[in-house]
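Here's the letter readout for the chains.
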2 protein chains.
Amino acid sequence: MPAPAKSARVFLSERPKGHISDKTFKSETAALPTPNADQVIVRVDYVSIDPAMRGWINDARSYLPPVQIGETMRSIAIGTVVHGNDQFKEGDVVEGALGWAEYVVISAKDVQKRSPPEGTTAIDYLGPLGMTGMTAYFGLLEVGKVKAGETLVVSGAAGATGSVVCQIGKLKGARVIALASASKCSYLLNELGVDAALDYKSPTFVKDFRDTVGYLDVFFDNVGGEILDLALTRLKKNARIVLCGAISAYNATGQPEGIKNYLTVISQRARIEGFIVFDYKHRYPEAEAQMAKWINEGKLKRRYQIEEGLEQCPQHLKLLFSGGNTGKLLVKISKEAAKY
Amino acid sequence: MPAPAKSARVFLSERPKGHISDKTFKSETAALPTPNADQVIVRVDYVSIDPAMRGWINDARSYLPPVQIGETMRSIAIGTVVHGNDQFKEGDVVEGALGWAEYVVISAKDVQKRSPPEGTTAIDYLGPLGMTGMTAYFGLLEVGKVKAGETLVVSGAAGATGSVVCQIGKLKGARVIALASASKCSYLLNELGVDAALDYKSPTFVKDFRDTVGYLDVFFDNVGGEILDLALTRLKKNARIVLCGAISAYNATGQPEGIKNYLTVISQRARIEGFIVFDYKHRYPEAEAQMAKWINEGKLKRRYQIEEGLEQCPQHLKLLFSGGNTGKLLVKISKEAAKY
């Protein structure tokens, strides 16, 4: 498994105003630097395409430094070590922020060796055993603190995180109402077993929401904007609103639509709480073990949409915001990567 | 101290759209009912005028049932028992939701006998020892969880609750920045000892806020609207936003101005939390003891603005929303009430 002399990469070319355009990213093929003793060379096999990546390319104060102009686009990925060091050997499967590239020279401390537990595969480290799964697990259980018998509403419910949130909600005994576009509702109802799935684009959505939800204990929000504002009108006492993402706002050119119904947060003693999954890093092993167990027992289903080709990454990131995907979106980079 | 046969009262006549008008309340003098064995007759001495009362007259789902048309306006008050039962004797000073009336017949279980600790007076049960003081105490310490060395920003800082929040903040070692109208800033700085006081109506307010605050750990919000939205742009990691009130929104005829900067709640892992002080009722004794101790030690100052006359209550409630008061606003109802 020799390391090549050159590698293609896709880098940030200019910061987008609003949606990602053809000018946002550029690609090039360049010589791979020679690794030092602390570094390894990794072949990138699959990259994860996540809504949060839109935020990473804004020049704004946030939980991670912005990707710089000229820098390879940051992306969680799994890959295979092709040039090891004293910590990793050739053929090791690793996970880390490898980025949009064919090969990367990276510090050994920035990647983690991954040996999928029985019943799981390496790409599950980009799904339920990875960032989106950890987000669902800690967001719902630690921030949302959902309890049996409670009513849980999930927006962006068919997405990588939302689909795991729905299932953990059911496993914990909650009544789960999933919000998604019409074409995904049957998947949520029939495959993931939610109690109700509502088409958020329906002309009767507001009424459907009120009639079906009644009042809610936990709102796990991936969308923000109008849906968040609607949810705030239907809070039970001590309701928890988990702000996981706000996909409706990530591409806004001005400020996003304002949240008007915040007075109910006072009267219902509710809590709106944001979180970043990386803060729970020290507890990932516990969550990974639980998720692997659920997968093995057939209690946690996962669905991947796997696209191909490094050059296609920008357009798939862009498409994520039009709601085109169901389940976890990955792009397979290396033709030599294992098939799943 | 004989009970009169009749009593004047001010009752809700029609629900206001927006600001309280001359038609919102009416008054009448009517016969006092005969108390049963569980009831007492109380002469109303001082009523508390609070922003929250605006919410109590809306026909909306909230933490208390709405005051009904024809019902005496709800108001926390202190009074003197003029007709006792087996629990209360004539002359006892009591506190409760006596309402806007000269005399009330009320269940003994709905009032509490009050014996001010040394250094305090009965009206302190409408101030730091009462609802507004308890709101400041539990809101700042239990919801805001302010710690020494943190930056605390308080909106509506010269009001009954805000002024106590500022002082508890200082007592706990926080850097305290008070937001109020220009005329109240010197009181906050010189008498209450805040670190900075900013005029929220100044044309340079946004810049002043950024320059003076930097980034904040706790925002204790009595105002809502634009000030809340500005505060959200200046959150430190794990910041807590205590939603105590939203005086800017209480009289809105449409929906209040929306909160646009909620994405920072995610990136800074912040928490926006509403609370209702009544939920802490079981812990009032502990807070009252602490507040009385601080008052006695000269560490907690309080200021009252005492108006007179039952008929004046509606206009004082209305004036509360134009920012006219400094400190706790009371209306003295009975000419026989003790002077403070």
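Residues numbered from 1 in each chain as written. Chains lettered and ligands numbered in written order. Predicted model: local features only at pLDDT ≥ 70, side-chain atom pairs only at ≥ 80, totals over all residues. Heavy atoms only, no water.

An unreviewed UniProt entry annotates chain A as Enoyl reductase (ER) domain-containing protein originating from Rhizoctonia solani.

Enquirer: Would you explain unusual backbone geometry in this entry?
Expert: Although it is not a glycine, A:Arg269 sits at a positive phi angle of roughly 50°. Mapped onto the elements of the fold, A:Arg269 is located in the loop between helix 7 (263-267) and strand 13 (271-274). With a phi close to 65°, B:Asn238 is a non-glycine residue in the positive phi region. If you trace the backbone, B:Asn238 turns up in strand 12 (residues 235-243). (Helix = DSSP H or I, 4+ residues; strand = E, 2+ residues; numbered from the N terminus.)

Enquirer: In this structure, what is going on with the pairing of strand 14 (residues 304-308) of chain A? I would like to understand it.
Expert: Consecutive residues of a regular strand have side chains that alternate between opposite faces of the sheet. Residue and element names in this part refer to chain A. Inspection of the sheet shows strand 14 paired to strand 15 (residues 328-332) by five bridges, in the parallel sense. Residue pairing across strands places Ile306 opposite Leu330, the latter belonging to strand 15. Assessed by its sense of winding, the connection that carries the chain from strand 14 through helix 9 (residues 313-320) to strand 15 is right-handed. (Pairing = 2+ DSSP bridges. Right-handed = clockwise from strand over helix to strand, strands pointing away.)

Enquirer: I'm lost on the interface of chain B and chain A in this one. Help?
Expert: Frequently, the measure chosen for interface size is the accessible area that the parts lose on association. Opposite the 39 residues of chain B that make contact, chain A presents 39 residues. In this assembly, chain B packs against chain A so that about 3100 Å² is buried in total across both faces, 57% of it on carbon and sulfur atoms. Contact with chain A buries area across many residues of chain B, yet B:Arg61, B:Tyr262 and B:Ile266 alone supply 23% of it, more than any other trio. For the interface between chain B and chain A, the tally reads two salt bridges. A salt bridge links A:Arg269 to B:Asp279; the shortest N-O distance between them is 2.6 Å. Inspection of the chain B/chain A interface yields 10 residue pairs in polar contact (both at pLDDT 80 or more). For the side of chain B that touches chain A, the secondary structure elements donating two or more residues are helix 6 (225-232), strand 12, helix 7 (263-267) and strand 13 (271-274) of chain B. Of the residues in the side of chain B that touches chain A, the class split is 19 nonpolar, 11 polar and nine charged. In the sheet, strand 13 of chain A pairs with strand 13 of chain B via three bridges, with the strands oriented antiparallel. In the sheet register, A:Glu273 faces strand 13 of chain B, and the bridge partner there is B:Arg271. (Contact = heavy atoms within 4.5 Å. Buried area = accessible area lost by both parts, 1.4 Å probe. Salt bridge = Lys/Arg side-chain N within 4 Å of Asp/Glu carboxyl O. Polar contact = N/O pair within 3.5 Å; in protein donor to acceptor, adjacent residues only side chain to side chain. Nonpolar A, V, L, I, M, F, W, Y, C, P; charged D, E, K, R; others polar.)

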